[in-house]
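The residues making up each chain are set out below.
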4 protein chains.
Amino acid sequence: MPDVVEIGVGKVARRGYHFYDVSIVPSRRTRDVDDVSTAWQLDAYRFGIPCVAHPSDATMSPATAIKLGQLGGLGTLNAEGLWCRYDDPEPLLAELASLEDDSVAATRRLQEIYAEPIKPELIAERVKQLREAEVTVAVRVSPQHTLALAPVILDAGIDILIIQGTIVSAEHVSAHDEPLNLKEFIADLDLPVIVGGCTNYQTALHLMRTGAAGVIVGVGQDVWSTTSDQLGIKVPMASAVADAAAARRDYLDETGGRYVHLIADGDIETSADISKAIACGADSVMLGLPLTHCEEAPAGGAWWHSVASHPKLPRGRYASPDPDRHGDMEQLLHGPSVDPSGTMNLFGGLRRAMAKCGYSDVKEFQKVELTVSL
Amino acid sequence: MPDVVEIGVGKVARRGYHFYDVSIVPSRRTRDVDDVSTAWQLDAYRFGIPCVAHPSDATMSPATAIKLGQLGGLGTLNAEGLWCRYDDPEPLLAELASLEDDSVAATRRLQEIYAEPIKPELIAERVKQLREAEVTVAVRVSPQHTLALAPVILDAGIDILIIQGTIVSAEHVSAHDEPLNLKEFIADLDLPVIVGGCTNYQTALHLMRTGAAGVIVGVGQDVWSTTSDQLGIKVPMASAVADAAAARRDYLDETGGRYVHLIADGDIETSADISKAIACGADSVMLGLPLTHCEEAPAGGAWWHSVASHPKLPRGRYASPDPDRHGDMEQLLHGPSVDPSGTMNLFGGLRRAMAKCGYSDVKEFQKVELTVSL
Amino acid sequence: MPDVVEIGVGKVARRGYHFYDVSIVPSRRTRDVDDVSTAWQLDAYRFGIPCVAHPSDATMSPATAIKLGQLGGLGTLNAEGLWCRYDDPEPLLAELASLEDDSVAATRRLQEIYAEPIKPELIAERVKQLREAEVTVAVRVSPQHTLALAPVILDAGIDILIIQGTIVSAEHVSAHDEPLNLKEFIADLDLPVIVGGCTNYQTALHLMRTGAAGVIVGVGQDVWSTTSDQLGIKVPMASAVADAAAARRDYLDETGGRYVHLIADGDIETSADISKAIACGADSVMLGLPLTHCEEAPAGGAWWHSVASHPKLPRGRYASPDPDRHGDMEQLLHGPSVDPSGTMNLFGGLRRAMAKCGYSDVKEFQKVELTVSL
Amino acid sequence: MPDVVEIGVGKVARRGYHFYDVSIVPSRRTRDVDDVSTAWQLDAYRFGIPCVAHPSDATMSPATAIKLGQLGGLGTLNAEGLWCRYDDPEPLLAELASLEDDSVAATRRLQEIYAEPIKPELIAERVKQLREAEVTVAVRVSPQHTLALAPVILDAGIDILIIQGTIVSAEHVSAHDEPLNLKEFIADLDLPVIVGGCTNYQTALHLMRTGAAGVIVGVGQDVWSTTSDQLGIKVPMASAVADAAAARRDYLDETGGRYVHLIADGDIETSADISKAIACGADSVMLGLPLTHCEEAPAGGAWWHSVASHPKLPRGRYASPDPDRHGDMEQLLHGPSVDPSGTMNLFGGLRRAMAKCGYSDVKEFQKVELTVSL
């Protein structure tokens, strides 16, 4: 049953499946779309939709994080993003709305803009703005900066901490610094922590054992990211999520009942992808690129992945705004839609997929039947 | 033998095959093309070709439904289509012949046009028109509107009722309304009912047990429909039809001889696809997009799937007319063809495929050998 | 080991491989290219290269059939082609050199031109021309016309008879006419007969049992043919040839030593395809489209498959001449090449592939190792 | 477990995997990128990066061979390239920087330019130039010319000899000449020899038994080479490297400890490909096309494979310079990068991939986990 192939004599590989390899199969029952709930609860925080924002400056500003929260999702503030590097990043965002598509010039400009140091005082200020809006406040920090920035972030009074890098392991090795010990760090906190990304059963299980409330599965890959071209790491998301769901079951058993939430981050462009992520076992999805399609997008609809500005090895291409955007974030998330491409009314699409398959809540929908095509 | 893969630890999926994954293999015998019959009989109704029209306004008007009936197929009237919403839909159809290809503007206009309420009296009027032409009269209604519209439809004096939605199950659950109980509803009727779509063995079997004379397999997907992008549901048609054919065999055994007809609805663009649908076990095919290619097409060759006008979640793109159409419906169905693309002389193509493989009737042709490519 | 998949419950299909799915693997030995022989012998006729011309008027005229014979291959005269319908087809060929690419107008014109009846006296005249050039004379006729045309063809004094249709079976069934009994027909002849196309083990074996000297495997599919779109028949050539080679072994055993030659006809565009056909078990290849690339091509490099002119169901698209042709037939077959695309120096490519794998003759090269990619 | 399919009855093939079929899976541990070593040692020669230059004149001149050596790689001088045919090839290289992309004219010009005889005295002169620069000196010669050119090459005082052809076997058969006996030839030398290419376990093992210090795996295929179209030979590199690594293990056992280095040559365009080659078992990679992207490229960024100039069967297309080049060889190899496509900072990408997977040296990284997608 384990789907293993022999690459060459003595060298094996697991076969992995992407979301585009799988489809959902309705079976037996159907249900009224109005009887379906898309609610998601993480720790004490309840959300109308199973949605966390990817911490890209292209989609998340304090304003859009608040808006997303008001619409039922979880907005995020990137402690290493432009809003925590610049007093007023809006002129930069305006500039970033109009660079040349997929160009070296755009990459160079991203590198320059992100060379500006992080200003801890700005983190506190931005968090305050979110708190005042009375939405759940989540801040993202990379593992490398966690020890340095955590004090200011936590002092600012947040609800959820997201420790996120391309690949985060429970055991980081360093010859130079004392690395972050996730398990000890999380044990000392009294707020839920989401960590990731990870890519398979073992890394997911190890991250669960750190005490995290949620684990991010995937590296946020999208059509503009180039991690696969540069590192050779391309996560077959359907398999990665299903593997992590198996880890969640085993960890639940090992702990006698601790349920860790899985947040799928990668290859999610359409409502179909959201449905498939949940069908594979995710509790929630992380939205990056899809959030550029609404009017509120901070850089006018332009997109760059958070690793696209890396000073030595940028791993994403700059995408200029899609001229064909229409509608605001509410329409994007909840409809009504005027665009049949699957990028509008994202959670209405999830709701309808659940209805067609007869499921009434997100957790149940993890059991829906799948088919794989050639 | 069952072709199951492990997506991730503990999560399995059936491998599904599309029509484009399979090809027909001639073996042993050949036959004169003139000795081949493409006849199909459903209940008391006999057809020269195994063909039911998909109930899209882009292809079915009363006039084209009559023409199709005269040419040996089964035309359909959509009780929820434009002809049952507007006294004179022809100006609208003329407008719909000239919208901008695959545009949001076209989707918006479809939504507006279909917002007009259904007028029961028009259903009766259109049915009368079909009856007068002495063709077999089939009317399509969605499960949601069946209880409300069935009285007027049945009173109008039809031959075949088609209850069709994207996904129809034998067990619809609703917290608000008393849902349609298909089994009881059909038992009370004395005319053959076709129901669907469904996507696998179980849903097909359950629909057969409702007493339906025919079951639609598939969700009508074509290159312009976007159900797969929005719901994550993409039906591997070769597998779905073969699965439903297995359900038909089992139901035949369970009932001691009740044969339920399978109508394949999805991914049928060419005569090759018709041949493959039957080779996989279908008794007939449902034609949508292919019927836009004839001169009689009501909207001048434009195409939109019946779900393309959904007010909240449109699931199909508007396709402007193919400027390269040639020939009338007779040539489209029976030739002669002047277009080698497989979209003209559709049933001449089926006939010739059967001849090359040595089969003389459609039911026998369900046994033809298949091959699958990578 | 037999590579069978389950399409749906109870419906199986063989997995088939195309030439583009397989590659040749050199192993152990290499050899000087000058030590390699590409010779092929069919019955008493010896050829420098394992090459038969596909009987399309786009590539075969009496002049090019003679040229091909002089260059080591087997040219063919199509008894149902333009040279046997028109006294002087050259003005038509000139017209056919300049039609609009892949157009309905071109298909219509082909249908008109081929509506002209076959003139038996022209067959005799064309054969005479070939005999005078002292090349091996092969004439192609379809199974439908074999009984009517065979007398005049045989009287004309040919060397090899090719009975070829899209699909030829050893058991053709007809309600109207007494069909051709291949076995009796061939038994009465004292010249070698090549028959086909066929597509799998059984049809190949049955055709061998008719007494044929050679069997054509495949239906001549190329990028311009549309048999797969119209009939659903697409032959996975690597598998079909390998299956037919197994039939050849079994027939050799069953007859105590009668070796039937396999001529691969389909998906052969490059010297790589020739090598792969032989690697799968073919003794020779049938060249259609590749022969349009030389200066001598009768219609200036335009291409249409012999079924592209069918009056009711044309199954091939007209291809206007490739403006990028260079070189004559000798360069095309034997080099030197100035075009790295694999379409020039076709048999030099075969020779070099054999050398790189250490084989010295075509029959041995049937054993070369293959690999399959995803 | 061995992944063998049945092409047709009785004809089997190994399933092979390309680099683009596989991805790297980080598991468990991560590591600081600064703690990772990319060092490689062949015999007495130590390199900062596991990189050998493909001996194409498009990328290797004496100047760029020296530069590559200074940057940690192994530059190569092609004893059969332009620098050993012409006193001053620079005007020709300037011309070769501006031919028409993928044209027959370019192929013809390459054939003319390479028709110039090799001048042994130039080999000595070029080697002297490299020696004076105090980099490791490697010279490439084809098996056909090895016996004739070896004396002058060896006399010139080189460090490493590379005997390289498209396919090199340990047993070359010739009816005319006494062929090169690699085993005897290498035994007589007191410097390390690299030989290849080879494509599977057996050819790799046989080449190891010749006494070679390194074996080249693959035929140098890239997007511009057409060996697969002409010879039908397309090497699934992931499988070929893994097979050769198995041969290396077996040879290590058979000899009680002789470790032969594997140099992957084919389908390497990005840093991801470098990582995958090593993940499959390579010790080093051979870079051809990727080296055209730097400012120092001798023909201004144009590319032609060394077999593209073959007088009878050219097997590569001429590629005009990519206008979008940026940066020098140091940036190309070591960054910083301003191009997210994976073609800049090639070994920084390898280093980071190793870090994300927790490995600290190249040999260890051969154990990293892989996944295969459909």
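Residues numbered from 1 in each chain as written. Chains lettered and ligands numbered in written order. Predicted model: local features only at pLDDT ≥ 70, side-chain atom pairs only at ≥ 80, totals over all residues. Heavy atoms only, no water.

If you look chain A up in an unreviewed UniProt entry, it shows as IMP dehydrogenase from Phytomonospora endophytica. If you open the UniProt record of chain A and go to Sequence similarities (unreviewed entry), you find "Belongs to the IMPDH/GMPR family." (UniProt positions renumbered as here; feature names shortened; annotations may be inferred.)

A few words on the overall build of chain A. Counting its regular elements, chain A contains 13 helices and 16 strands. Expressed as lengths along the three principal axes of its C-alpha atoms, the size of chain A is roughly 55 × 50 × 45 Å. Within chain A, buried positions represent 67% of all 374 residues. At a minimum sequence separation of 6, the contacts of chain A that also span at least 24 residues come to 68%. Working note: accessible area of chain A is about 12300 Å², and carbon and sulfur atoms make up 47% of it. Counting 32 positive and 51 negative side-chain charges, chain A places the centres of these two groups 5 Å from one another. (Helix = DSSP H or I, 4+ residues; strand = E, 2+ residues; numbered from the N terminus. Buried < 20%, exposed > 50% of the residue type's maximum accessible area, 1.4 Å probe, protein only. Contact = heavy atoms within 4.5 Å. Areas by Shrake-Rupley, 256 points an atom, 1.4 Å probe, with all protein chains shown as cover. Lys, Arg positive; Asp, Glu negative; His and termini not counted. Charge placed at Lys NZ, Arg CZ, Asp CG, Glu CD.)

What follows deals with the sheet that holds strand 9 (residues 138-141) of chain A. Residues and elements named next belong to chain A. Strand order in this open sheet of 8 strands is 7-15-14-13-12-10-9-8, and the pairing throughout is parallel. With one partner strand each, in any of the chains shown, strand 7 (51-53) and strand 8 (76-78) form the two edges of the open sheet. Direction aside, neighbouring strands of the sheet carry axes that sit 25 degrees apart on average. Taken strand by strand, helix 7 (residues 201-208) contacts strand 12 (193-198), strand 13 (214-221) and strand 14 (261-266), and its axis lies near 165 degrees from that of strand 12. (Pairing = 2+ DSSP bridges. Axes fitted to C-alpha atoms, helices over the stretch in contact; angles between N-to-C directions.)

Residue and element names in this part refer to chain C. Under the defined criterion, the tally for this structure stands at 12 aromatic pairs over all chains. Measuring from ring centre to ring centre gives 6.4 Å for W304 and Y318, while their planes differ by 25 degrees; the resulting arrangement is stacked. Of this pair, W304 sits in the loop between strand 15 (284-287) and helix 11 (329-334) while Y318 sits in the loop between strand 15 and helix 11, placing them 14 residues apart in sequence. Of the residues examined, W304 reaches a relative accessible area of 1% and is grouped as buried. In this structure Y318 comes out as buried when scored by relative accessible area, which is 1%. Taking 5.8 Å as the distance between ring centres and 65 degrees as the angle between the ring planes, the aromatic pair formed by Y359 and F365 counts as edge-to-face. (Phe/Tyr/Trp six-rings, centres within 6.5 Å; stacked < 30°, edge-to-face > 60°.)

On to the pattern of salt bridges. Here the structure, examined in full by the defined rule, presents 56 salt bridges over all chains. As a salt-bridge pair, A:D102 and A:R317 come within 3.4 Å of each other at their nearest N and O atoms. Placement of A:D102 in the loop between helix 2 (90-96) and helix 3 (104-113) and of A:R317 in the loop between strand 15 (284-287) and helix 11 (329-334) is noted, with a sequence separation of 215 residues between them. Looking at A:D102, the relative accessible area reads 38%, which means it is partly exposed. Looking at A:R317, the relative accessible area reads 22%, which means it is partly exposed. For C:E296, the salt bridge identified is with C:K67, shortest N-O distance 2.5 Å. Of this pair, C:E296 sits in the loop between strand 15 and helix 11 while C:K67 sits in helix 1 (residues 62-70); the two residues are 229 residues apart in sequence, bridging distant segments of the chain. In this structure, a network of salt bridges that share partners links the residues A:E95, A:R109 and A:E112. (Salt bridge = Lys/Arg side-chain N within 4 Å of Asp/Glu carboxyl O.)

Below, the discussion takes up the nonpolar core. Ranked by internal contacts, the top residues of the largest apolar core, which has 447 residues, are A:W304, B:W304 and C:W304. Not counting residues within four places of it along the chain, the set of residues in contact with C:W304 comprises C:S56, C:D57, C:A58, C:L93, C:L96, C:L110, C:Y114, C:A299, C:R317 and C:Y318. In this structure, D:Y86, D:L96, D:W303 and D:A319 belong to the second largest nonpolar core, which totals 20 residues. (Core = buried A, V, L, I, M, F, W, Y, C linked by side-chain atoms within 4.5 Å.)

Sites flagged by UniProt as "domain: IMP dehydrogenase/GMP reductase" (unreviewed entry) map to residues 16-300 of chain A. Counted over residues 16-300 of chain A, helix gives 35% and strand 20%. Its end C-alpha atoms are 36 Å apart.

Before going further, it helps to spend a moment on the relation of the copies chain B and chain A. When chain B is brought onto chain A, the operation consists of a screw motion whose angular component is 90 degrees and whose axial shift is 0.0 Å, with 0.0 Å RMSD remaining. What we have between these two chains is a four-fold relation. Across chain B, the smallest distance between a C-alpha and the rotation axis is recorded for B:L374, namely 4.9 Å. (Least-squares fit on C-alpha atoms with pLDDT ≥ 70 in both.)

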